[in-house]
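# Chains, contacts and geometry: an overview
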Amino acid sequence: MLVDAGTDLLAHIEEFSSYPLVIFVDALLDAAQENSGKIVTIDESQMLEWPADSPSIHQVSPLLAFKLFRELYPSSNTHFLLVALYVSLVNYSNPAPLAEHLIAEGAQSVLR
């Protein structure tokens, strides 16, 4: 299943427990600008350390959906993973094209 990280996450939150693994794919702002352009895989344990009110451009961020799911379904065995592309800035009016090697690297991260 592929859903948008806006309100779609809330619409499908009940379905997450029917999957052994839910993978979120999103961009992360690299405020320090040390990792821009890198793709990283972030495990559930790391996401648990982030505050739920972390800034997001989404109506409902993958982080908030993940934490809400854990509150609603604490006994679920579903595991969560975030595949993230670090970006140096958020630019809605003139987004830069994504390099093909990053697309391939992101796809491989999801397939692992």
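Remember, it's a predicted structure, so these values are computed and weren't measured experimentally. (Residues numbered from 1 in each chain as written. Predicted model: local features only at pLDDT ≥ 70, side-chain atom pairs only at ≥ 80, totals over all residues. Heavy atoms only, no water.)

## Notes on the overall build of the protein chain
Put simply, the test is: A run of H or I in DSSP counts as a helix once it spans at least four residues, and a run of E counts as a strand once it spans at least two, with each numbered from the N terminus. Accessible area is worked out with a 1.4 Å probe on protein chains only. A residue is then buried under 20% of its type maximum, exposed over 50%, and partly exposed in between. Residue contacts are counted whenever heavy atoms from the two residues lie within 4.5 Å of one another. Residue burial considers only the protein chains on display, and all accessible areas are found by Shrake-Rupley using a 1.4 Å probe.
When helices and strands are tallied, the protein chain shows 4 helices and 3 strands. Its helices and strands in sequence order give the protein chain the pattern α-β-β-α-α-β-α, from N to C terminus. A total of 112 residues make up the protein chain; the buried ones form 31% of that total. Sequence-distant contacts, at least 24 apart, represent 75% of the contacts inside the protein chain between residues at least 6 apart. Entry remark: accessible area of the protein chain is about 7,400 Å², with carbon and sulfur atoms responsible for 56%.

## Concerning the environment of Pro51
As for its placement among the helices and strands, Pro51 is situated in the loop between helix 2 (44-48) and helix 3 (62-72). Owing to a relative accessible area of 47%, Pro51 belongs among the partly exposed residues under this scheme. On a C-alpha basis, the gap between Pro51 and Leu63 in space is 8.8 Å, while along the polypeptide they are 12 residues apart. Once you skip the residues sitting within four places of it in the chain, Pro51 turns out to touch Leu63 and Lys67.

## Re the sheet that holds strand 3 (residues 79-87)
As a reminder, the rule being used: Note on pairing: DSSP must find at least two bridges between two strands before they are called paired. Only the stretch in contact is used when a helix axis is fitted, and all axes are lines through C-alpha atoms; the angle between N-to-C directions ranges over 0 to 180 degrees.
If you trace the 3 strands from one edge of the open sheet to the other, you get 1-3-2, paired in mixed fashion. The outermost strands of the open sheet, each flanked by one partner alone, are strand 1 (21-29) and strand 2 (39-43). Along the sheet, successive strands turn relative to each other by an average axial angle of 25°, direction set aside. Note that strand 1 and strand 3 share 9 bridges and pair parallel. Considered in strand 3, the bridge of Ala27 is made with Leu85. Against the sheet, helix 3 contacts strand 1 and strand 3, and its axis sits at roughly 165° relative to strand 3.

## Observations concerning a nonpolar patch on the surface
The condition is simple: A patch consists of residues whose relative accessible area exceeds 30% and which take part in no salt bridge; residues with like charges are grouped when within 9 Å of each other, and nonpolar side chains (Val, Leu, Ile, Met, Phe, Trp, Tyr) when within 5 Å. We define a salt bridge as a contact between a side-chain nitrogen of Lys or Arg and a carboxyl oxygen of Asp or Glu at a distance within 4 Å.
The grouping of Leu10, Leu68 and Leu72 at the surface amounts to a nonpolar patch, some 240 Å² of accessible area in total. Inspection of the secondary structure puts Leu72 in helix 3. A relative accessible area of 48% places Leu72 in the partly exposed class.

## Quick word on the nonpolar core
In plain terms, the rule: Here, nonpolar core means buried Ala, Val, Leu, Ile, Met, Phe, Trp, Tyr and Cys residues that are tied together by side-chain atoms lying within 4.5 Å of each other.
If you look at the biggest cluster of nonpolar residues, it comprises 16 residues, and the most contacted ones within it are Phe16, Phe24, Met47, Phe80 and Leu82. Every element with two or more residues in this core is listed here: strand 1, helix 3 and strand 3.

## Here we look at the pattern of salt bridges
For the structure on display, the rule yields 1 salt bridge. Across the salt bridge formed by Arg70 and Glu44, the nearest N and O atoms sit 2.8 Å from each other. Placement of the pair is Arg70 in helix 3 and Glu44 in helix 2, with a sequence separation of 26 residues. Judged by its relative accessible area of 19%, Arg70 falls in the buried class. On the basis of relative accessible area, Glu44 is assigned to the buried category, the value being 11%.

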